[in-house]
Each structure stands twice: as C-alpha cells, then as structure tokens.
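Each chain is listed here by its residues.
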Amino acid sequence: MNWRAVVCSSKENRPYLPAQNEQERFLLKRVQELWNIAQQRGIPRHTGFLSSREQDLAQMALSKFGEGYRLWGGYQEAERKVLCLEPDGKVWGEPLSCVKIQCTGAKHSTVPEHKNYLGAILALRLERECIGDIVFDSEDQTVVYVPILERIQSLVCEELVSVGRWSVYVEPFEGEIPYKTPDRELKTATVSSLRIDSVLAAMLRSSRGQAAELIRSGLVSLNHLPVTSVSASVYQGDLFTARGYGRFRLESVGGKSRKDRLFIQFYQY
C-alpha cells in the first residue's frame, strides 16, 4: 500500500487546549508576570524547564506580545526547554548549563536507565523544573549529559556521587551535546475510530478493553495531561504515555481500508 497516497489532508492537529487545572493557570499567570518584569525593568527573565504542553501554554500566553522570547533546552532537538524572556534582544548570560555524568566501573550491559538518573538528581531535593532532558552519549552509554539550570550546577557536581547502585563522576560540560536522533521504527496500524481507547489498543497491540482499563485506572496521559475518559478524541501529533509501557506519538492519520478502518502511523519511544 502506498501510504503517501492515502494520507488525508483534512486530518487536523489538536486545537489549542486552554489551561485545564490550577497548576496550568498558575503557569500562565507566572509567564505573564515574568514578561511584565522583563519589559518594565529591561532585564531578561526565565522560567524553569517546561514540558511540551507547558511550552504550548507559555507561547499562547505570549502570542499577543510578538517577539522578545525564545525556548531553549541546551541542544537543538531538546524536548524540555526553558522559556527565556529577553526584552530588546538582551541576553545577559544563559540561564542553562550542562553536566556530564560518567558511570565509573559500569559495563555497557548494566548501565543506569533514564529513570535512575532522574531519580538520583531529584533526590538532591531539586524540583523537576531544574532539570532538562537526560541525553545518553551516542558512542558511550556509560556517559550522559544533562542540561540544568545554571544555579544548581555546582550542587549537582558536588553532591551527586551515585546513581542507584552505580558510582558516578560528575563535571561541568561546555561543549555541544553529542545527541544522535534515535532510529525509531514508524509503525502502521488500523483503528475503528480516533477514540483514545481504540488508538491506544493499536499502539499497545492489546484489546480495546485492556486499553480502556489502563485509561480508567489513571495510568495514561495525553500530551502530559491525565486522561480517564475512554472516548476522548485524539489527533495527529498527540503524545501518549502509558505507565509501564512507554510513550507513543501519533505521527499521521491516513485514509480508510476496505473494511472502513482508519490507517494510522505512530512511533514508540
């Protein structure tokens, strides 16, 4: 089947979703406050690291102001990014720095995972917003690079001595993070509708009932927001997180099969 021939241009990306809870409303208010301070005092301000959902909210809050801000996560392909508010293009030093973490004595088959690094750094009594992506070296899996807020660099270098059962050596890193885009397989499936239970079942290769149970149990989030409705609509570009199964992105929605089912393409992270 020629996928390109059946991709339907009428399939839309998700429309803007306004703040859904108190935490998101606080973020909008905080972004506007930082913008006002930056403009009135003429000094750059910044947030902590934001998820892709938080970035969308921040950009919507600033859309009426035009230019004067940027998002940066330490490297070009970063997922988590800091919102930098820079009136008149003024940049007074980057709010970000980076640390290099080397596992000492670890073998490639037994290196820590992403969750091990994140847990160890958070155990230093740091908030999630202080930490960006955790990037594994493309050549040496015993090394990771972590963009962080500049103000915590010394603390992380001095206090982080182990990650789980592994000893680590931490030092500041000032070069370009050697990120390599992972080779992910673009998978194809068919679904009866663009309901979350139907699409998630196809991604997990499970029954629709099993997918619905995960959703009702609060184990699924959509674009970083918890979802409990099995009938919620999904859109091209949506990011699914199923606890214990990983993350999936709905890359595209195509035409229909002979059995009147929709073709979808997705990546698993």
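Everything discussed here concerns the structure shown above.
Residues numbered from 1 in each chain as written. Predicted model: local features only at pLDDT ≥ 70, side-chain atom pairs only at ≥ 80, totals over all residues. Heavy atoms only, no water.

### Describing the pairing of strand S6 (residues 143-149)
Applicable threshold: Only protein chains enter the accessibility calculation, which uses a 1.4 Å probe. A residue is then buried if its area is under 20% of the maximum for its type, exposed if over 50%, and partly exposed in between. Think of it this way: any DSSP run of H or I at least four residues long counts as a helix, any run of E at least two long counts as a strand, and we number them from the N terminus. Following DSSP output, two strands are said to pair if at least two bridges run between them.
Among the seven residues that make up S6, seven are buried, leaving the element largely enclosed by the rest of the structure. For strand S4 (residues 96-104) and S6, the ladder comprises seven bridges, and the chain directions are antiparallel. Across the sheet, residue isoleucine 101 finds its bridge partner in S6, namely valine 144. Note that strand S5 (residues 135-136) and S6 share two bridges and pair antiparallel. Each residue of the ladder has a partner; that of phenylalanine 136, found in S6, is valine 144.

### Comments concerning the layout of surface pockets
For the record, the criterion: Computed over the protein atoms alone on a 1 Å grid, cavities are sets of points where a 1.4 Å probe fits but cannot get out and pockets are open sets with protein on both sides within 12 Å along at least five of seven lines; a residue lines them when it has an atom within 4 Å of a point. Grid points are joined across faces, edges and corners, and a volume is the space filled by probe spheres set on the points. Ten residues, namely Ala, Val, Leu, Ile, Met, Phe, Trp, Tyr, Cys and Pro, are considered nonpolar, four, namely Asp, Glu, Lys and Arg, are considered charged, and the remaining ones, Gly among them, are considered polar.
Here the largest pocket is characterised by a volume of approximately 1,600 Å³. Around the largest pocket sit 46 residues that line it, and Glu79, His114, Arg184, Arg247 and Tyr269 are the ones nearest its centre. For the lining of the largest pocket, the elements supplying multiple residues, two or more each, are helix H3 (52-62), helix H4 (114-122), S5, strand S10 (220-222), strand S12 (239-242) and strand S13 (246-256). Grouping the amino acids of the lining of the largest pocket by side-chain chemistry returns 17 nonpolar, 14 polar and 15 charged. Approximately 660 Å³ is the volume attributed to the second largest pocket. Forming the walls of the second largest pocket are 24 residues, and the residues nearest its centre are Gln23, Leu27, Leu50, Glu54 and Glu129. Looking at the lining of the second largest pocket, the elements that each hand over two or more residues are helix H2 (22-41), strand S1 (45-50), H3 and strand S11 (225-226). Per element, the largest residue contribution to the lining of the second largest pocket is six residues, and it comes from H2. Partitioning the lining of the second largest pocket into residue classes produces eight nonpolar, seven polar and nine charged.

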